[in-house]
Amino acid sequence: NPDSSPGASFATLAAVNNNSDIFANAKKDFSWASQGTPLFSNKKITPKKTEDDSSEDEGCPEQDQHDPHFEPIVPLPDAIEVRTGEEDEIKEFCQRAKLYRYINDTKEWKERGVGEIKILWHPINRTYRLLMRREQVHKVVCNHLLNESIVMQPMKNSETSLTWGAMNLSDEHDEPVSELLAVKFKNHELCIQFKEKVEDCIQKVEEYKKSAIAASSVINPSVVEGNDEDDNYEEDDDDYEGTDEDNDYYPEDFELLFETEATVSMKSDTLSEWELVGSGSLQVVYDRDYLLSRILLKVDNNETELINSIITGDSVMNQITEKEYTWSGEEGQFLATFQSIPAAEEFKLHFKDGINFADKALSN
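Now for a look at the structure at hand. Fair warning: this is a prediction, and the values are worked out from it, not measured in the lab.

**A closer look at the overall build of the chain**
When you go through the chain residue by residue, the secondary structure sums to five helices and 14 strands. Scored against the burial criterion, the 364 residues of the chain give a buried share of 31%. Considering only contacts within the chain whose residues lie at least 6 apart along the sequence, 51% involve residues at least 24 apart. A total accessible area of about 25700 Å² is found for the chain, and carbon and sulfur atoms account for 48% of it.

**What to know about the side chain of Thr337**
Within the secondary structure, Thr337 sits in strand β14 (residues 333-338). Its relative accessible area of 16% is what places Thr337 among the buried residues. A distance of 2.7 Å separates the side chain of Thr337 from the side chain of Asn125, its partner in a polar contact. A distance of 3.4 Å separates the side chain of Thr337 from the side chain of Glu324, its partner in a polar contact. Not counting chain neighbours up to four residues away, the residues in contact with Thr337 comprise Asn125, Ala262, Thr263, Lys323 and Glu324.

**Observations concerning the sheet that holds β14**
On the basis of which strands lie adjacent, the open sheet formed by seven strands has the order β11-β10-β9-β8-β14-β13-β12 and antiparallel pairing. Lying at the two open borders of the sheet, with one neighbouring strand each, are β11 (304-311) and β12 (317-321). Mean inter-strand twist for the sheet, computed between neighbouring axes without regard to direction, equals 35 degrees. The pairing of β12 with strand β13 (residues 324-328) spans four bridges and is classified as antiparallel.

**Some thoughts on the pattern of salt bridges**
Within this structure, the stated rule accounts for 14 salt bridges. Among the ionic pairs, Glu86 bridges to Arg133, the shortest N-O distance being 3.1 Å. In this pair, Glu86 sits in the loop between α2 (51-59) and β1 (90-103) while Arg133 sits in strand β3 (residues 127-134), placing the two residues 47 residues apart along the sequence. Glu86 gets classed as buried once you look at its relative accessible area, which sits at 16%. The shortest N-O distance in the salt bridge between Arg112 and Glu179 comes to 4.0 Å. Highlighted residues: Arg112 in strand β2 (residues 108-122) and Glu179 in strand β7 (residues 177-184), separated in sequence by 67 residues. Residue class for Glu179 comes out buried when judged on its relative accessible area of 8%.

**Thoughts on the sheet that holds β1**
Pairing is antiparallel in the open sheet, where seven strands are placed in the order β4-β3-β2-β1-β7-β6-β5. The outermost strands of the open sheet, each flanked by one partner alone, are β4 (140-145) and β5 (153-154). With eight bridges joining them, β2 and β3 adopt antiparallel strand pairing. Bridging across to β3, Lys118 finds its partner in Leu131.

**Looking at the pairing of β13**
β13 sits mainly inside the fold: four of its five residues count as buried. As consecutive antiparallel partners, β12 and β13 are separated by two residues. Pairing of β13 with β14, which is carried by five bridges, proceeds in the antiparallel orientation. Residue pairing across strands places Glu324 opposite Thr337, the latter belonging to β14. Between β13 and β14, which pair antiparallel one after the other, the connecting turn spans four residues, and Gly332 there sits at a positive phi close to 150 degrees.

**Details of the environment of Glu159**
Here Glu159 lies in the loop between β5 and β6 (161-168). For Glu159, a relative accessible area of 58% translates into the label exposed.

**Describing the nonpolar core**
When a protein is soluble and globular, its nonpolar side chains tend to lie buried together. Residues Trp164 and Phe194 are the most contacted members of the largest nonpolar core, which totals 27 residues. Mapped onto this core, the elements with two or more residues apiece are β1, β2, β3, β4, β6, β7 and α3 (188-215). Among the elements that make up this core, the one with the highest residue count is α3 (seven residues). Setting aside anything within four residues of it in sequence, one finds Trp164 in contact with Leu99, Leu130, Cys142, His144, Ile150, Val151, Met152, Glu179, Leu180, Leu181, Ala182 and Val183. Grouped together as the second largest cluster of nonpolar side chains are 23 residues, Val264, Val284, Val299 and Ile311 included.

**Points about the environment of Lys139**
With respect to the secondary-structure elements, Lys139 resides in the loop between β3 and β4. By relative accessible area, which is 31% here, Lys139 ends up partly exposed. Note: C-alpha distance between Lys139 and Ser170 (31 residues apart in sequence) is 8.2 Å. Setting aside residues up to four positions removed in sequence, Lys139 forms contacts with Met132, Arg133, Arg134, Asp171 and Glu172.

**What about the packing of aromatic side chains?**
Counted according to the given criterion, the structure contains twelve aromatic pairs. For the ring pair Trp121 and Tyr128, a centre distance of 4.7 Å and an interplane angle of 35 degrees mean the geometry is tilted. Like Trp121, the residue Tyr128 is buried in the burial classification. With 5.1 Å between their ring centres and 65 degrees between their planes, Tyr286 and Phe357 make a pair best called edge-to-face.

Thresholds applied
- Residues numbered from 1 in each chain as written.
- Predicted model: local features only at pLDDT ≥ 70, side-chain atom pairs only at ≥ 80, totals over all residues.
- Heavy atoms only, no water.
- Helix = DSSP H or I, 4+ residues; strand = E, 2+ residues; numbered from the N terminus.
- Buried < 20%, exposed > 50% of the residue type's maximum accessible area, 1.4 Å probe, protein only.
- Contact = heavy atoms within 4.5 Å.
- Areas by Shrake-Rupley, 256 points an atom, 1.4 Å probe, with all protein chains shown as cover.
- Polar contact = N/O pair within 3.5 Å; in protein donor to acceptor, adjacent residues only side chain to side chain.
- Pairing = 2+ DSSP bridges.
- Axes fitted to C-alpha atoms, helices over the stretch in contact; angles between N-to-C directions.
- Salt bridge = Lys/Arg side-chain N within 4 Å of Asp/Glu carboxyl O.
- Core = buried A, V, L, I, M, F, W, Y, C linked by side-chain atoms within 4.5 Å.
- Phe/Tyr/Trp six-rings, centres within 6.5 Å; stacked < 30°, edge-to-face > 60°.

What follows is the structure, given as structure tokens:
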């Protein structure tokens, strides 16, 4: 071995290995790892899997693919259908605005909230309603019917605001409360559009009311004024003895049990759909002569009577919504829409009392 000789040097080593090929025994298929790849590449090199590695992967699935199912300890209730009361109404107007209420104690306007103010049309009751809910919390801040008492007036020093007074039924009160309200829109055009729409709706309500009074002669003939022959007819008291049935019902014969504002529609055998009777004072009175309860609907400050229905033992009441009830009478079926839930529930109680009065009168 030249490396172990005492006089070995690099020159002698080179002379010995000059004719020898040090790579003679190298494998022809040898290659460097990662040959042909860039030295400074961001690509991550993954080693090739062998047959043993693939068999292990098939036997042990990855944990992220495991999706266990656990039954809930407490069963969840069924989905509850939430009704807003707007399902049966048609949206006639809807714009974003800000509502205010006037405080008499402090003599200032207080903001009620920001939301969409809507004019809703009820095709069955033929009524228009002004509704506004606060954004996000959906709290009702404006809710009242449109009638001839609503007068929209521009607010001083603001061309985008209107003010009016109404019996407002908001979430703060269980009964309608007289309030002075104001609404402010984004621009003057929306303000004018809202005012014109409200006035148009009020005019339509008045037309429906007049047509209902004209058609009420079918329900109660006493509403129709007599002709000239009836006015000129003079009854001879000596020759004619009137009975109690021929006399009109006087207020002293009735005892007022319940009264609230409501809208009533009617469906008879000849009417296939609900027809509006009118909106006014819905009363439950006790008839002392017949020992029965009656349901009256009066308009024009109780001067005109549109409905006079007797509650008998066979009368049936059904609840449609929280504020809508139907009942059967001699003339047909009636549908009453109340302005508040407590008023509707109180009407239901007086109706049940009327059935009890009828049963007692029949037994006597």
